[in-house]
Amino acid sequence: MSFFLDEIEKDLWDHLQYTKKKIVLYGMGDGADKIKSVLDRREIPIAEIMASDEFVRGHSFLDHRVKKLSEIEEQYGDDFLILLCFGTQIPEVMEHIYKIGEKHELYAPNVPVVGEGLFDLEYAKAHSEELQSVYKLLADEKSKEVFENVVRYKLSGDLKYLRNVETPSEEKFDLMNIGIEETYVDLGAYDGDTLIEFLNETTLQFRKLYAMEPDVRNYRKMKRRLYMIGSALFECYNCGAWNEDTSIVFNLRSGRGSRAVPADGKPLNSARFREIKMMKVDTMMRGEPATYIKFDVEGAEENALEGASKTIAEFKPKLNIALYHRNEDMFKLPLLVNKMNKKYKLYMRHHPYIPDWDTNLYCI
């Protein structure tokens, strides 16, 4: 792994610093804001903003009129490159992006969903020992291939590295040998979609379900969707998973992006910020065993793991952990799990998503 990093001389941001091509941002919203912020700090100018044809209505974004790709092509010929600024797992949209990438130079810059900084070459080399330690811990060659390709993607923004190693999402159930007597704990349960996926896989056979979801609207949707399961078999909590039982300020986006963050001086009664109850998994389980825990908690995975330390140490439940919210997740979370219970075998998989937002650690 260290040799792999040593052979790389520049990352995507270095390439953008010196390219003579015009830079076009593809997409509008939080992703474009983040990428534009990095470019501004590095004094790298953008030329245009583009969107898919159906979203172009003569409006502006970041002080640029939003254009169609055909307009960009007519204006610049081949003298431009595209930076993708949004995420998707919709097959038709992914295929459209790949087709654009076959015709034009296209990258999907890796910026953290949560936290500051970049997973650039300087960052990777500064953490090369931790990255190499995780690489050595991985239990099969596929995991090592996924790990190396995801790191290569993060440094280059080149989507070919993700396509090289993607596998179907349902593979996790076979990999983790999910059976019909599971006690499933869903952290970051959203509107119940992953609970329903689990129920479909196990043909509605299970021992018990637990769920945490901090966003009250998502929590209510989840309860409505799963109303047929009685409270004796399904315990759900309108709270977030944490390393202590407390309350913290939450940024509520009424979607998958709700997360624990500073309120930035906003009043707690604003539409966006609320004080939310947080709870440890160990508190919720009350000493009872879990057999399968999913951690997808928008950047709070480390805290959530720490809050499940007793359950993990005593019962060794199978773990499904998102590895893509923070720069450090790729090495910090696997090393934390290994420290908690050295009996785990660690696997890594990337499922179809642009960018690397469905890269997960499976601990068995």
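The coordinates are above.
Since this is a predicted model, take the numbers as computed values, not measurements. (Residues numbered from 1 in each chain as written. Predicted model: local features only at pLDDT ≥ 70, side-chain atom pairs only at ≥ 80, totals over all residues. Heavy atoms only, no water.)

**Some points on empty space enclosed by the protein**
What counts is decided by this rule: Using only the protein atoms, space was sampled on a 1 Å grid; points where a 1.4 Å probe fits but cannot get out form cavities, open sets with protein on both sides within 12 Å along at least five of seven lines form pockets, and lining residues are those with an atom within 4 Å of a point. Grid points are joined across faces, edges and corners, and a volume is the space filled by probe spheres set on the points. Any residue that is not Ala, Val, Leu, Ile, Met, Phe, Trp, Tyr, Cys, Pro, Asp, Glu, Lys or Arg is counted as polar, Gly included; the first ten are nonpolar and the last four charged.
Applying the stated criterion to the full structure yields one cavity of 30 Å³ or more. In the lining of the largest cavity, the residues fall into four nonpolar, three polar and three charged.

**Examining the sheet that holds strand 9 (residues 234-237)**
What holds strands together in a sheet is hydrogen bonding between their backbones, with the strands either parallel or antiparallel. Just so we agree on the cut-off: The rule for pairing is simple: two strands pair if DSSP sees at least two bridges between them. Helical segments are the DSSP runs of H or I of at least four residues, strand segments are the runs of E of at least two, and each set is numbered from the N terminus. Here, axes are lines fitted to C-alpha atoms. For helices the fit covers the stretch in contact, and angles between N-to-C directions go from 0 to 180 degrees. Any two residues whose heavy atoms approach within 4.5 Å at even a single point are treated as in contact.
The strand order across the open sheet built from seven strands is 9-8-7-14-15-17-16, with neighbouring strands paired in mixed fashion. Of all the strands in the sheet, the pair left with one neighbour each is strand 9 and strand 16 (346-350). Direction aside, the axes of adjacent strands within the sheet are offset by 10 degrees on average. Sheet analysis places strand 14 (residues 292-295) next to strand 15 (residues 318-322), joined by four bridges and oriented parallel. Of the residues in strand 15, the one forming a bridge with Ile293 is Leu319. Here helix 12 (residues 216-225) sits on the sheet in contact with strand 8 (208-212) and strand 9, set at roughly 165 degrees to strand 9.

**Here's the deal with the sheet that holds strand 6 (residues 105-107)**
The sheet built from six strands is open, its strands ordered 3-4-2-1-5-6 with mixed pairing. Both outer strands of the open sheet, strand 3 (60-61) and strand 6, are each paired with one neighbouring strand and no more. Sheet analysis places strand 3 next to strand 4 (residues 64-67), joined by two bridges and oriented antiparallel. Bridge pairing links Phe61 to His64 in strand 4. Docked against the sheet, helix 3 (residues 30-41) engages strand 1 (22-26), strand 3 and strand 5 (80-84), running at close to 155 degrees with respect to strand 1.

**A few points about the environment of Tyr353**
The test is simple: Exposure classes here rest on a 1.4 Å probe applied to the protein chains alone. A residue is buried below 20% of its type maximum, exposed above 50%, and partly exposed in between.
Within the secondary structure, Tyr353 is located in the loop between strand 16 and strand 17 (359-363). Given the relative accessible area of 17%, Tyr353 is considered buried. When the C-alpha atoms of Tyr353 and Leu162 are compared, they prove to be 8.4 Å apart, with 191 residues separating the residues in sequence.

**Side note on the packing of helix 7 (residues 128-137) against helix 16 (residues 329-340)**
Just so we agree on the cut-off: In this scheme, roughly parallel covers angles under 35 degrees and roughly antiparallel covers those over 145, while 65 to 115 is roughly perpendicular and the rest are oblique. Should the near helix be turned counterclockwise from the far one by less than a right angle, the crossing is left-handed, whereas a clockwise turn marks it as right-handed.
It is at 9 Å that the axes of helix 7 and helix 16 come closest, and there the two elements cross at 55 degrees. Classified by the angle between their axes, helix 7 and helix 16 sit oblique to one another. Handedness of the crossing formed by helix 7 with helix 16: left-handed. For the pair helix 7 and helix 16, contact is made by Glu130, Leu131, Ser133, Val134 and Leu137 and by Met330, Phe331, Pro334, Leu335 and Asn338, respectively. Classifying every residue of the contact of helix 7 with helix 16 by side-chain character gives seven nonpolar, two polar and one charged.

**A word on the pairing of strand 15**
The element strand 15 is extensively covered by neighbouring structure, given that five of its five residues are classed as buried. Across the two faces of strand 15 the burial is the same, with Lys318, Asn320 and Ala322 and Leu319 and Ile321 all buried. Across four bridges, strand 15 lies against strand 17 in antiparallel orientation. Looking across to strand 17, one finds that Ile321 is bridged to Leu361.

**Observations concerning the pairing of strand 17**
The buried count for strand 17 comes to five of five residues, which makes it a mostly enclosed element. Judged by which residues are buried, strand 17 turns out to be covered on both faces: Thr359, Leu361 and Cys363 on one side and Asn360 and Tyr362 on the other are all buried. Two strands pair when backbone bridges link them, and strand 16 and strand 17 are joined in this way by five bridges, in the antiparallel orientation. Directly across from Met348, in strand 17, lies its bridge partner Leu361.

So yeah, pure geometry; function would need other evidence.
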